[in-house]
Amino acid sequence: MKILVVGGTGMIGGHAALHLASKGHDVTVSGRKPPQQSTEVSRMPFLQGDYVEGSFTGQDLAGFDAIIFAAGNDIRHVPEGTDYDAHVYRANAEAVPQFAALAKQAGVRHFIHVGSFYPHVAPELVEKSVYVRARKMATDGIAALADESFHVVSVDAPFVVGTVPGMSLPMFEAYTRYAEGQLGIPPFGPAGVTNFISTQSLSEAIEAALERGENGKAYLVGDENLSFADYFKLFFQAAGNDVDVPSLDQEHPMLPDVAIFTGRGNVVQYEPDAQTMADLAYRRNDVARAVKEVVDQFRSVK
């Protein structure tokens with residue numbers, strides 16, 4: 001297929017773009033800015049655009065068989081001086097379905113959306129959190145467009161870990177420095193448990209959703225349930241730093257409470273259901289490998 005990956009200049013979209021290209025698809029990446037020149041993604045065709053601002057036209061999208069949408073907005077994407085709630089509502093609840101409607105009107109036949117696990121695992125947050133409500137509205141909004149001419153699937157992911165070779169990823173670069181003992185922060189994880197998935201597993205799920213996902217369905221994907229302490233412990237182990245990483249009921253500077261919508265100390269654990277694994281059939285037990293890949297890329301001494 002001829003595929004456009006919106007958000008293809010970032011980690012999730014960039015990994016998906018490279019994965020789909022490796023399977024023989026003709027992939028174009030899109031973002032507000034061109035991809036980093038240090039990555040293989042920069043060698044792909046590039047379409048500049050901002051879906052929140054509505055800069056794409058039907059003519060821009062008309063030549064594509066499929067769109068992978070990996071550009072949902074969270075706290076990292078709020079422009080300086082902009083109200084957080086207003087931005088995430090506009091960017092997710094309103095702009096994503098509007099962009100999908102434009103794609104449908106342009107004749108794109110497949111739309112695969114990378115969504116959030118929060119509406120599935122903590123439905124009470126839909127009323128309490130504008131961000132979680134907006135992510136659910138994005139998924140529901142595009143699903144409402146599904147019909148015989150427009151195949152829509154949402155792949156709703158938990159915390160994602162992984163990398164794109166050559167791509168600068170400040171958060172994971174900082175995690176690696178932390179694991180190397182360079183930041184002066186004691187080893188610990190904030191109390192609580194959640195689900196994690198690797199970029200590789202997620203890219204495989206995206207590919208499968210494109211090929212055989214049930215039209216109009218939102219799949220809850222995930223791989224391993226880990227405490228935040230055990231997750232950070234994987235980084236320390238990959239860096240060769242064999243220290244104890246306890247779970248403490250205190251805010252962590254590398255993973256602040258604002259980034260844990262279910263709340264510090266809460267346990268969120270689940271297994272993807274049998275139908276999800278039958279339909280998407282992505283690899284499992286891949287988190288430790290992905291963490292090692294991250295640390296190998298960003299470690300100070302190689």
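Residues numbered from 1 in each chain as written. Predicted model: local features only at pLDDT ≥ 70, side-chain atom pairs only at ≥ 80, totals over all residues. Heavy atoms only, no water.

### Focus: the overall build of the protein chain
Then comes step 1: Along the protein chain, the regular secondary structure elements total 11 helices and 12 strands.
Then comes step 2: Across its three principal axes, the protein chain shows a C-alpha extent of roughly 55 × 45 × 40 Å.
Then comes step 3: Within the protein chain, buried positions represent 54% of all 302 residues.
Then comes step 4: Taking as baseline every contact in the protein chain between residues at least 6 positions apart, the subset at least 24 positions apart corresponds to 78%. (Helix = DSSP H or I, 4+ residues; strand = E, 2+ residues; numbered from the N terminus. Buried < 20%, exposed > 50% of the residue type's maximum accessible area, 1.4 Å probe, protein only. Contact = heavy atoms within 4.5 Å.)

### Quick word on the pattern of salt bridges
Then comes step 1: Taken as a whole and assessed by the stated rule, the structure comprises 17 salt bridges.
Then comes step 2: Residue Asp 242 is joined to Lys 233 by a salt bridge in which the shortest nitrogen-to-oxygen separation is 3.7 Å.
Then comes step 3: Using a relative accessible area of 16% as the deciding quantity, one classes Lys 233 as buried.
Then comes step 4: Look at the salt bridges and you will find they share partners, linking Asp 223, Glu 271 and Arg 284 into a network. (Salt bridge = Lys/Arg side-chain N within 4 Å of Asp/Glu carboxyl O.)

### Topic: the pairing of strand β4 (residues 66-69)
Then comes step 1: Here β4 shows a buried face lined by Ala 66 and Ile 68 and a second buried face lined by Ile 67 and Phe 69.
Then comes step 2: When β4 meets strand β5 (residues 110-116), the two strands line up parallel, connected through 4 bridges. By the bridge assignment for β5, Ile 67 is matched with Phe 111. (Pairing = 2+ DSSP bridges.)

### Considerations on the sheet that holds β5
Then comes step 1: On the basis of which strands lie adjacent, the open sheet formed by 7 strands has the order β3-β2-β1-β4-β5-β6-β10 and parallel pairing. With partners counted over all chains shown, the strands left at the sheet margins are β3 (46-48) and β10 (217-220), one partner each. If you compare each strand with its neighbour and ignore which way they point, the axes differ by 20° on average.
Then comes step 2: As defined by bridge partners, β5 adjoins strand β6 (residues 151-157) across 7 bridges and the pair is classed as parallel. Bridge pairing in β6 links His 113 to Ser 154.
Then comes step 3: Lying on the sheet, helix α1 (residues 11-22) is in contact with β1 (2-6), β2 (26-31), β4 and β5; it crosses β2 at an angle near 170°.
Then comes step 4: Sheet contacts for helix α8 (residues 199-212): β1, β4, β5 and β6; angle to β6, the most-contacted strand, approximately 160°. (Axes fitted to C-alpha atoms, helices over the stretch in contact; angles between N-to-C directions.)

### Some words on the packing of helix α7 (residues 170-179) against helix α9 (residues 228-238)
Then comes step 1: Contact pair α7 / α9: the axes reach a minimum separation of 8 Å and the direction vectors enclose 70°. On the basis of their axis angle, the class for α7 and α9 is roughly perpendicular. Contacts between α7 and α9 involve Phe 172, Tyr 175, Tyr 178 and Ala 179 from the first element and Tyr 231, Phe 232, Phe 235 and Phe 236 from the second.
Then comes step 2: Among the residues making up the contact of α7 with α9, the classes are represented as 8 nonpolar, no polar and no charged. (Parallel < 35°, antiparallel > 145°, perpendicular 65-115°, else oblique. Nonpolar A, V, L, I, M, F, W, Y, C, P; charged D, E, K, R; others polar.)

### Comments concerning α9
Then comes step 1: Burial within α9 is extensive, with 9 of its 11 residues counted as buried.
Then comes step 2: For α9, the set of buried residues is Phe 228, Ala 229, Tyr 231, Phe 232, Lys 233, Leu 234, Phe 235, Phe 236 and Ala 238.
Then comes step 3: One or two residues past the end of α9 sits Gly 240, with phi positive at roughly 75°.

### Comments concerning the nonpolar core
Then comes step 1: Of all hydrophobic cores here, the largest spans 74 residues; its most connected members are Val 161, Phe 172, Leu 202, Val 221, Phe 235 and Val 291.
Then comes step 2: When residues in this core are grouped by element, the largest group, 8 residues, is from α9.
Then comes step 3: Ignoring sequence-local partners within four residues, the contact set of Val 291 consists of Val 161, Tyr 231, Leu 234, Phe 235 and Ala 238. (Core = buried A, V, L, I, M, F, W, Y, C linked by side-chain atoms within 4.5 Å.)

### Describing the pairing of β1
Then comes step 1: The buried count for β1 comes to 4 of 5 residues, which makes it a mostly enclosed element.
Then comes step 2: Looking at chain direction, β1 and β2 are connected through 5 bridges and run parallel. Looking across to β2, one finds that Ile 3 is bridged to Val 27.
Then comes step 3: Taking the sense of rotation as the criterion, the β-α-β connection linking β1, α1 and β2 turns out right-handed.
Then comes step 4: The pairing of β1 with β4 spans 4 bridges and is classified as parallel. What sits directly across from Leu 4, in β4, is Ile 67. (Right-handed = clockwise from strand over helix to strand, strands pointing away.)

### Details of the packing of aromatic side chains
Each aromatic ring pair is described using two quantities: the centre-to-centre distance and the angle formed by the ring planes.
Then comes step 1: Taken as a whole and assessed by the stated rule, the structure comprises 25 aromatic pairs.
Then comes step 2: Ring centres 4.8 Å apart and planes at 20° place the aromatic pair Tyr 131 and Phe 261 in the stacked group. Here the residue Tyr 131 occupies a position in helix α6 (residues 130-143), and Phe 261 occupies one in the loop between β12 (247-248) and α10 (274-280), the gap between them amounting to 130 residues.
Then comes step 3: Relative to Tyr 231, the ring of Phe 196 lies with its centre 4.1 Å away and its plane at 20°, an arrangement referred to as stacked. (Phe/Tyr/Trp six-rings, centres within 6.5 Å; stacked < 30°, edge-to-face > 60°.)

### Re the sheet that holds strand β9 (residues 193-198)
In a beta sheet, neighbouring strands are held together by backbone hydrogen bonds and run either parallel or antiparallel to one another.
Then comes step 1: Read from one edge of the open sheet, 3 strands run β7-β9-β11, paired in mixed fashion. A strand with exactly one partner marks an edge of an open sheet, and here the two such strands are β7 (159-161) and β11 (224-227). Averaged over all adjacent pairs, the angle separating strand axes in this sheet is 45°, with direction ignored.
Then comes step 2: Two elements, β9 and β11, share 4 bridges in a ladder whose sense is antiparallel. In the sheet register, Val 193 faces β11, and the bridge partner there is Ser 227.
Then comes step 3: The sheet strands contacting α8 are β7 and β9, and the helix crosses β9 at an angle near 70°.

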